[in-house]
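One-letter residues, chain by chain:
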Amino acid sequence: MNQRIALITLVVADYDAAIDFYTQKLGFRLVEDTQLSPEKRWVRITPPGLEAGAELLLARAATAEQEQRIGSQTGGRVALFLYTDNLARDYEQLVANGVTIVRPQIIEAYGKVLVFADLYGNLWDLLEPAQRV
């Protein structure tokens, strides 16, 4: 059997605002933006770098229940984990782009990590894994 997680849905309030934040503030790449109906688009984004990871599917909230989940899809826990090869470089870019740093960098046994919030308040770990010898 050969499987992988390909897409993770992130509920957003507005397609264009979300695309702007993720591409302009975080440097993600817009993979696809296809109009499916007057109200619905198929929007895929991915972080820069390797092509093997999962992509985010930006899905505009279509119901009141979905609107309530925007920014808190995991109940206040870190929702997504973004690995990097250089946390210091990426931290400087986040700050320069006005991204909210929720918890400053700390060093753990597994690597350097900080927490930032996206435009809706979803929490992300930015993680530079420790070098394994």
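Residues numbered from 1 in each chain as written. Predicted model: local features only at pLDDT ≥ 70, side-chain atom pairs only at ≥ 80, totals over all residues. Heavy atoms only, no water.

### Overview of the pairing of strand β3 (residues 41-46)
In terms of burial, β3 is a largely internal element, 5 of the 6 residues being buried. Where strand β2 (residues 29-35) meets β3, 6 bridges bridge the pair, whose relative direction is antiparallel. Of the residues in β3, the one forming a bridge with Leu-30 is Ile-45. Between the antiparallel neighbours β2 and β3 lie 5 residues. Pairing geometry for β3 and strand β4 (residues 55-60), over 3 bridges, is antiparallel. Across the sheet, the residue bridging to Arg-44 is Leu-57, located in β4. (Buried < 20%, exposed > 50% of the residue type's maximum accessible area, 1.4 Å probe, protein only. Helix = DSSP H or I, 4+ residues; strand = E, 2+ residues; numbered from the N terminus. Pairing = 2+ DSSP bridges.)

### What to know about the domain arrangement of the chain
A common measure of how large an interface is: the accessible area buried when the components associate. What the domain assignment reports for the chain is domain 1 (1-70) and domain 2 (72-132). If you look at the interface, domain 1 gives 19 residues, while domain 2 gives 14 residues. For the domain 1 and domain 2 pair, buried surface summed over both sides reaches about 1300 Å², with 67% attributable to carbon and sulfur atoms. On the domain 1 side of the interface with domain 2, the three residues burying the most area are Phe-21, Lys-25 and Ile-70, jointly 33% of the side's total. Mapped onto the side of domain 1 that touches domain 2, the elements with two or more residues apiece are β1 (7-12) and α1 (15-25). If you tally residues by element for the side of domain 1 that touches domain 2, the top one is α1, at 6 residues. A class-by-class count of the residues in the side of domain 1 that touches domain 2 yields 14 nonpolar, 2 polar and 3 charged. (Domains from an automatic or database assignment. Contact = heavy atoms within 4.5 Å. Buried area = accessible area lost by both parts, 1.4 Å probe. Nonpolar A, V, L, I, M, F, W, Y, C, P; charged D, E, K, R; others polar.)

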